[in-house]
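Structural description and commentary
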Amino acid sequence: MSPWIWWRAERKSNGVTFEIGLSLEGGFPAGWIHLIARRCSQSASGEPFSTDRRHRRATWARCWIRNTRSIRAAGAEAGPAGEEVLVAAAKGWITWQARDIVTECRERCGAQGLLSANRIVDLITPIESTITAEGDNLVIWTKAAADMLTGRGYAPPAAPAARSGPRTDRALLLDLLVRHELHCLHHARGRLNLPSTDPMDRWNHVVNPALVLVDAYATRRAAQAFLAAADSIADDATRQVLERLFRLFVLQRLAPHTGQLLADGHLTAGAVRDLAPAVDRLGAALAPHGLALVSAFAVPDVLLQAPIATEDYTAAYDDPAGPWQPGPAG
């Protein structure tokens, strides 16, 4: 088994195997995340990316994992320690994203999402298990945070040069992610110098900002992986749609940190005020492409056999041949 596959489990339901886990070499087994997302036609371009306004976070989770060569090369640059930091950050970020996505899918389906036959609510516990298995996320992020603060397996990104242009420019958005990560690093390292009574007290001063640093690092790496994948696409129209997705993702991830970016002079007051309208504009521009983008995940139809995936889902419960019907006893 590849060392880059750190956890895998299977759950069988009505004859269908749901693979749950993460693999940096084998791709992202994301069928269960997109169970309700794919009821649409084939993508016009056929490119292997997908999201819509409600399920966009899965795109970055998948693309980060699919960008195997870049990830392994980046980890190799810092040796085994760098791989440890990168894998820990990826495992925590992706599995927490998966939980958020499936929870949102369940909510968007209303009461139907609570029915076991629709294969959403039954996946919550297996997804929770990926958060705990092979290293509880909080524990491995804490270890990664300590490594990053001491420079073990982590080289901070270079401070970006000053740029001009619209704040939705992709290079400027990447710069803002880098600036946020550097702020988190400097803030966390500064707290190491606070008066402390013992090593544990010293660590307690820094642990929360250090965890924010790991999240900032994971977000930047996910955004870079997605953008690199988008850049490899030859079709201009497809690439433009994916760049809009990138902008939407970054703006939403930066939204909680605009105060800090404003205080540090990296954003103007006008840019902060325009952030929410910019998100809405991007959502409106992406809406016509939502179904095609979700379809591009190419989730096998067998994983979508649930009443909610039919047009007349209420009548589907009465179909005696439906795969969601219980089998004969015994």
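Residues numbered from 1 in each chain as written. Predicted model: local features only at pLDDT ≥ 70, side-chain atom pairs only at ≥ 80, totals over all residues. Heavy atoms only, no water.

So, about the overall build of the chain. Helix and strand content of the chain: 12 helices and 2 strands. Listing each helix as α and each strand as β along the chain from the N terminus yields β-β-α-α-α-α-α-α-α-α-α-α-α-α. Partitioning the contacts of the chain with sequence separation of at least 6, the portion at a separation of at least 24 is 72%. Counting every atom, the chain has about 15,400 Å² of accessible surface; 54% of that belongs to carbon and sulfur. (Helix = DSSP H or I, 4+ residues; strand = E, 2+ residues; numbered from the N terminus. Contact = heavy atoms within 4.5 Å. Areas by Shrake-Rupley, 256 points an atom, 1.4 Å probe, with all protein chains shown as cover.)

A low pLDDT means the predicted coordinates there should not be read in detail. With 74% of its residues at a pLDDT of 70 or more, the chain has an overall mean of 77. In the predicted structure, residues 1-57 sits below a pLDDT of 50 and forms 167 contacts with residues beyond four places in sequence or in another chain. (pLDDT = per-residue confidence, 0-100.)

Position of Thr 219 relative to the elements: it lies in helix 7 (residues 199-231). Setting aside its immediate chain neighbours within four residues, Thr 219 contacts Trp 93, Leu 177, Phe 249 and Arg 253.

Our next topic: helix 5 (residues 137-149). Compared with an ideal rise of 1.5 Å per residue, which puts 13 residues at 18 Å, helix 5 spans 18 Å between its outermost C-alpha atoms and is within 8% of the ideal. Restricting attention to buried positions, one finds in helix 5 the residues Asn 137, Ile 140, Trp 141, Ala 144, Ala 145, Asp 147, Met 148 and Leu 149. Taken together, the buried residues of helix 5 touch helix 3 (79-108), helix 4 (124-132), helix 6 (170-191) and helix 7. By the N-cap criterion, in which a side-chain oxygen at the helix start approaches the backbone nitrogen of a residue two or three places on, helix 5 is capped by Asp 136, the distance to Leu 138 being 3.0 Å. With its phi angle positive at about 80 degrees, Gly 151 sits one or two positions after the end of helix 5. (Expected span 1.5 Å × (residues − 1). Buried < 20%, exposed > 50% of the residue type's maximum accessible area, 1.4 Å probe, protein only. Polar contact = N/O pair within 3.5 Å; in protein donor to acceptor, adjacent residues only side chain to side chain.)

As a further point, take the environment of Asp 236. Along the chain, Asp 236 falls in helix 8 (residues 236-254). A polar contact is formed between the side chain of Asp 236 and the side chain of Arg 239, at a distance of 2.3 Å.

Remark: helix 3 packs on helix 5, axes separated minimally by 9 Å, with the N-to-C direction vectors making an angle of 140 degrees. Pair helix 3 / helix 5 crosses with left-handed handedness. Contact residues: Glu 84, Val 85, Ala 88, Ala 89, Lys 91, Gly 92, Trp 93, Thr 95 and Trp 96 in helix 3; Asn 137, Leu 138, Ile 140, Trp 141, Lys 143, Ala 144, Asp 147 and Met 148 in helix 5. A breakdown of the residues in the contact of helix 3 with helix 5 according to their chemical character gives 10 nonpolar, 3 polar and 4 charged. (Axes fitted to C-alpha atoms, helices over the stretch in contact; angles between N-to-C directions. Left-handed = near helix turned anticlockwise from the far one by under 90°. Nonpolar A, V, L, I, M, F, W, Y, C, P; charged D, E, K, R; others polar.)

Next up on the list: helix 3. The terminal C-alpha atoms of helix 3 lie 43 Å apart, and with 30 residues this matches the ideal 44 Å at 1.5 Å per residue to within 8%. Directly after helix 3, the chain includes Gly 110, whose backbone phi takes a positive value near 60 degrees.

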